[in-house]
Amino acid sequence: MKRSHLLNAFNHNQQLRRPLDFLSRTLSTFPSQLPSNNCNHHHHLITLISIRKTLKHIFQIHTQLIVSGFTQDNFTNSRLIESYTLFKKINLARLVFNVTPNPSAVLWNSMIKAHIRSMQHQEAIVMYNKMTNNDSFEVQPDKYTYTFVLKACTQLLDIEKGISLHEEIIKKGLESDVFIGTGLIDMYCKCGHLVHAREVFDKIPKKDIVVWNAMVSGLSQSTDFTQAIEIFQSMQLRDGVEPNSVTLLNLFPAIHKFSSVRFCKCIHGYVIKRKFPNTVMNGLIDVYSKCKRTDIAFQIFNLMQEPDDVSWGTLMAGFSHNGCHYEVLELFDQMKNNHLNINIVSVVSALSAAGETKDLEKGKIIHECVKKNKFDYDIRVSTPLITMYAKCGELKKAQDLFSNLSGKDMVAWSAVIAAFTQSGYHEEALSLFRDMQFDFKPSMVTIVGVLPACGELSSKKLGKSLHSYTIKHNIDSDTSIETSLVAMYAKCDDFNSAITVFERMLHKEVVAWNALINRYAQIGETDLAVTMFCRLQSSSDLHPDSGTMVGVVLVAAFLGDINLGSNIHGLVMKYGFESDCHVNNALIDMYAKSQSLVSAELLFCMTKIKDGVLWNVMIGAYLRHGYLQESILTFRQMKSEGFKPSVVTFVSILPVVSSLAAIKEGASLHADIIRTGFLSHTPVMNSLIDMYSKCGRVDYSEIVFDEIKNKDTVSWNVMLAGYAINGHGDLAFGFFLFMENNNVEIDPVSFLSVLSGCRHAGLVEEGKKVFCSMKEKHGIEPKLEHYACMVDLLGRAGLFDETLGLIKSMPMEADAGVWGGLLGACQMHCNVKVAELALENLVKLEPRNQAHYVVLSGIYAESGRWGDARNLRMKMIEMGIKKTPGCSWVNENQVQFNQ
């Protein structure tokens, strides 16, 4: 080929700018450096290619080769192809190949290898097909060709092409070659064909360490990981091959899957005796951590003479994997204070820990470290960074970071959607999911991330749509998809669909069992929860985990059964989950709900490492038992120990203030909420409205209500109740009409509040109108509490005939609330006859309640029937019923909140 043709070819390549000018400039400077002898000249140029430093140097050498006429040499061009590939100029490498006449097998191999190095595996196979199918080429594949093409098949998981190659290899008698055999083993293992891999392995007569390592690696990554351990043992016992660092690193995934601490220790002893490098010690830290023995992992780390940045990152990742988030942050501080090199793994673990502990200040410090190390442009770091801000409640910051994130791929979308879901921003997660579909089709990971949001929002329609999508794309049998579908349907209380998916699962993971057990427990289906737990226990290949025990403890908590709860506590100890924070928190909550506050306090005090959830549980426990001052003191202790109140904390403590009518403390909490940035959280704002209403400041309640951007049904109902309990019946009725006219969702609680407002204000006609609209307009069946309100309303107005008619028309038996309301109305109007009827029914329902006797006795006295009043009092004495003395209290020294 003529030299001018080569120059023209370079001139047309898009990667070089004005190549002819560039080449002419380099010609003027290059010759002075070259020897005069032609052979030496050629040899010198090839040597220069080997020590190339920049792409410019390669251009200069290539230019001189063109001018000197050496570009037809296959060996020279293979060196050029290799150099261009290393500088990621695959198109220039291909150009060199294309202009070479009659390329040899070496050159073909160089080009196939170049495509593989450039991650162009399909192009590598295309090159191989051209090499073997074109009759004009007098060249045949050699063992290196097959080795390279097998690697391409492995990366593409193209088992069909791989089997075809294997057949050609057998025909040429190359199957027992160590290099080819290793490639075949690797391909078959990664494509899931372990039997074929083992057949190839057994046929290799002289296996070197590389062959053994390939077999160990393939089996470790497979479902039949126990074979990897057997191979590891036989390589020493049968063939006397000494394992190296690569062997152990390949074996570690199998040990992790085997979850055998005993085997970890065996390998650990082997490593200590032979003094392996840091890479193996880092692997040991990783595998111990994955086997939940972070204590041993930490010991290995401390005994390392010079732990590198990988060692620190591996330990931090291990702590993070086991939920030891405070330890991760402590390690990060040590690295930062000692000015150690912080890598991406360390940063990602630290960001995860900051998010899980809701430590926004620490998260911001880590963010500064990310920017300093210029990691913020790396998608592997930017995604956890967004997740951290989302989990710390900084939704706006997270959204801004994601909007400005360049090169958003499917992984980034999926991770952020999952983060928003886990952080409770379910609407925002679904919004992101809709936006993502403009650029990408949902992957399995995306669907697994978005299904929980569907469940939390009871968006069964979207959940079913996603289920259909998984069936259409043949991914519905994936275990993670099935588990997420079971949880979604259970959250939507569609147990028929949940059980259908569950029973079809070939491999039922514990998480799927937990989803059903926990949901059954949450909705009070305790028998079904226990049945599922017993089925899980009887399963041969699965065991309950901490999530399971949380669900079973919930059963005892729902029933308030202290005996059952104690037995379950024993079961928790038997399984070794008593140190798990989630199980421990559930146990304390269960004891509190089972009227054993002492046991709850004892467990709380015995807990060495308390998290925010535990403090919230204890605050709620004291509130439930009426120990309001203890709730406040616990809140103060929580703050003094450095824990920042969360949304749940404020929602738990505000009812305490409401019960004490302590407006000063309520206002102090309001200021705390503003400082912590929780004004955007609707549940907190709803609690503030309730607190101000119960403290008699409806005007403040109105201000808070108006500030809520995303009002839910509870927001409207709590404001409506605020008007009602403060005697503003007319405002309550007007507010209710406003809700109706603006299509606000109205539920039974809304009706109860407006009816209560009407009865206190004596708005009889308005109350009747509201009551009639329940069923006629809104399709809501009145419950006992609604009838009790109406009885009280009509009774207060003296409409006793209408009241008795309403009671007779009730579709259910009247309870003490209904008859008590009637008795109270009789007291107002001194209606002895109806009062006696009311007491007659109340005695049947609550025979030991002294209040009812006292009311009727008062009515007798008010009507001048002193004899009847005396007889009723005597009857109370005979029955052993005593009147409870009245009392009142004034809180002179209100508890002050720490600021």
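Residues numbered from 1 in each chain as written. Predicted model: local features only at pLDDT ≥ 70, side-chain atom pairs only at ≥ 80, totals over all residues. Heavy atoms only, no water.

Looking at an unreviewed UniProt entry, one finds the protein named Pentacotripeptide-repeat region of PRORP domain-containing protein and attributed to Lactuca virosa.

(A) Here's a closer look at the overall build of the protein. Helices and strands together make up the secondary structure of the protein, namely 52 helices and zero strands. For 899 residues, the compact-globule formula gives about 29 Å, and the C-alpha radius of gyration of the protein, at 38 Å, lies well above that figure. Here the protein holds 899 residues, and the buried ones make up 49% of them. Expressed as a percentage of contacts within the protein between residues at least 6 apart in sequence, the contacts between residues at least 24 apart total 60%. (Helix = DSSP H or I, 4+ residues; strand = E, 2+ residues; numbered from the N terminus. Rg over C-alpha atoms; globule rule 2.2 N^0.38 Å. Buried < 20%, exposed > 50% of the residue type's maximum accessible area, 1.4 Å probe, protein only. Contact = heavy atoms within 4.5 Å.)

(B) Looking closely at the UniProt feature "repeat: PPR" (unreviewed entry) in the protein. Under the UniProt annotation, "repeat: PPR" (unreviewed entry) lies at residues 142–176, 208–243, 308–342, 409–439, 611–645, 712–746 and 747–782. In the segment residues 142–176, helix accounts for 77% and strand for 0%; the C-alpha atoms at its two ends are 14 Å apart. Secondary structure content for residues 409–439 is 77% helix and 0% strand, while the C-alpha to C-alpha distance between its ends is 9 Å. (UniProt positions renumbered as here; feature names shortened; annotations may be inferred.)

(C) Helix 37 (residues 612–624), seen in detail. Over its 13 residues, helix 37 extends 18 Å from the first C-alpha to the last, a length consistent with the 18 Å expected when each residue adds 1.5 Å. Considered for burial, the residues of helix 37 that qualify are Leu 614, Trp 615, Asn 616, Val 617, Met 618, Ile 619, Gly 620, Ala 621 and Tyr 622. Gly 626 lies just past helix 37 and shows a positive phi near 85 degrees. (Expected span 1.5 Å × (residues − 1).)

(D) Just unusual backbone geometry, in detail. The phi dihedral of Asn 102 falls on the positive side, at around 50 degrees, and the residue is not glycine. Examined against the element boundaries, Asn 102 turns out to sit in the loop between helix 6 (90–98) and helix 7 (105–117). Phi angles above zero are rare outside glycine, and His 339 is one such case at about 55 degrees. For His 339, the position within the fold is in the loop between helix 20 (325–337) and helix 21 (344–356).

(E) Structural context of the confidence of the model for the protein. In the predicted model, the protein carries a mean pLDDT of 85, and 91% of its residues have values of at least 70. Between residues 1–36, whose pLDDT stays under 50, and residues either more than four places distant or in other chains, the model counts 52 contacts. Of the regions scoring below 50 in pLDDT, residues 893–899 engages in 24 contacts with residues more than four places distant in sequence or in other chains. (pLDDT = per-residue confidence, 0-100.)

(F) Representation of the environment of Met 131. Relative to the elements of secondary structure, Met 131 occurs in helix 8 (residues 121–133). As for Met 131 and Asn 109, which are separated by 22 residues in sequence, their C-alpha atoms are 9.7 Å apart. Those residues within four positions of Met 131 in sequence are excluded, and the remaining contacts are Ala 105, Trp 108, Ile 112, Val 139, Gln 140, Pro 141 and Thr 145.

(G) How the structure looks around the packing of aromatic side chains. Under the counting rule described, the total for this entry stands at 24 aromatic pairs. Here Phe 705 and Trp 716 contribute two aromatic rings whose centre-to-centre distance is 5.1 Å and whose plane-to-plane angle is 80 degrees, an arrangement assigned as edge-to-face. With Phe 705 in helix 42 (residues 698–707) and Trp 716 in helix 43 (residues 713–725), the pair connects residues that are 11 residues apart, well separated along the chain. Like Trp 716, Phe 705 is buried. A network of ring pairs unites the aromatic residues Phe 705, Trp 716, Tyr 723, Phe 735 and Phe 738 as a single cluster. (Phe/Tyr/Trp six-rings, centres within 6.5 Å; stacked < 30°, edge-to-face > 60°.)

(H) Seen up close, the packing of helix 14 (residues 226–237) against helix 15 (residues 245–258). Running from amino to carboxyl end, helix 14 crosses helix 15 at an angle of 140 degrees, the nearest separation of the two axes being 8 Å. Compared by their axis directions, helix 14 and helix 15 come out oblique. For the pair helix 14 and helix 15, the sense of crossing is left-handed. Residues Thr 226, Ala 228, Ile 229, Phe 232 and Met 235 of helix 14 touch helix 15, and the partners they reach there are Thr 247, Leu 248, Leu 251, Ala 254 and Phe 258. (Axes fitted to C-alpha atoms, helices over the stretch in contact; angles between N-to-C directions. Parallel < 35°, antiparallel > 145°, perpendicular 65-115°, else oblique. Left-handed = near helix turned anticlockwise from the far one by under 90°.)

(I) Spotlight on the side chain of Thr 100. For Thr 100, the position within the fold is in the loop between helix 6 and helix 7. Reaching out from Thr 100, the side chain makes a polar contact with the backbone oxygen of Val 96 at a distance of 2.7 Å. (Polar contact = N/O pair within 3.5 Å; in protein donor to acceptor, adjacent residues only side chain to side chain.)

(J) Here's a closer look at the nonpolar core. Grouped together as the largest cluster of nonpolar side chains are 270 residues, with contacts concentrated most on Ile 185, Leu 251, Ile 267, Ile 366, Phe 420, Leu 516 and Leu 822. For this core, the element with the highest residue contribution is helix 31 (residues 510–522), accounting for eight residues. Residue contacts for Ile 185: discarding those within four places in its chain leaves Ala 197, Val 200, Phe 201, Ile 204, Val 211, Ala 214 and Met 215. (Core = buried A, V, L, I, M, F, W, Y, C linked by side-chain atoms within 4.5 Å.)

(K) Fine view of helix 38 (residues 628–640). Taking 1.5 Å per residue, 13 residues should reach 18 Å; helix 38 reaches 19 Å between its end C-alpha atoms and fits that length. Taken together, the buried positions of helix 38 are Leu 628, Ser 631, Ile 632, Thr 634, Phe 635 and Met 638. The buried residues of helix 38 occupy an angular sector of 160 degrees when the element is viewed end-on, so they sit on one face. (Arc of directions from axis to C-beta.)

(L) Structural context of the environment of Glu 740. Mapped onto the fold, Glu 740 is located in helix 44 (residues 729–741). C-alpha of Glu 740 to C-alpha of Ile 169: the two residues are 571 residues apart in sequence and 79 Å apart in space. In contact with Glu 740, other than residues within four places in its own chain, are Ile 746, Ser 773, Lys 777 and His 778.

(M) Local environment of a nonpolar patch on the surface. A cluster of nonpolar side chains, Ile 663, Tyr 700 and Ile 703, forms an exposed patch at the surface whose accessible area comes to about 240 Å². Relative to the helices and strands, Ile 663 is located in helix 40 (residues 663–676). Ile 663 sits in the partly exposed class, given a relative accessible area of 31%. (Patch = residues over 30% accessible without salt bridge, like charges linked within 9 Å, V, L, I, M, F, W, Y side chains within 5 Å. Areas by Shrake-Rupley, 256 points an atom, 1.4 Å probe, with all protein chains shown as cover. Salt bridge = Lys/Arg side-chain N within 4 Å of Asp/Glu carboxyl O.)

(N) Examining the pattern of salt bridges more closely. As enumerated under the stated definition, the model contains 29 salt bridges in all. One salt bridge connects Arg 535 with Glu 503, and the closest N-O pair in it is separated by 3.2 Å. On the criterion of sequence distance, the pair formed by Arg 535 in helix 32 (residues 526–538) and Glu 503 in helix 30 (residues 495–504) is long-range, its members being 32 residues apart. Judged by its relative accessible area of 34%, Arg 535 falls in the partly exposed class. On the basis of relative accessibility, which here comes to 39%, the residue Glu 503 falls in the partly exposed class. Linking Asp 672 and Lys 639 is a salt bridge whose minimum nitrogen-to-oxygen distance equals 3.0 Å. Residue Asp 672 is located in helix 40, and its partner Lys 639 is located in helix 38; the two are separated by 33 residues in the primary sequence. One salt-bridge network, in which partners are shared between bridges, spans Asp 589, Lys 593 and Arg 624.

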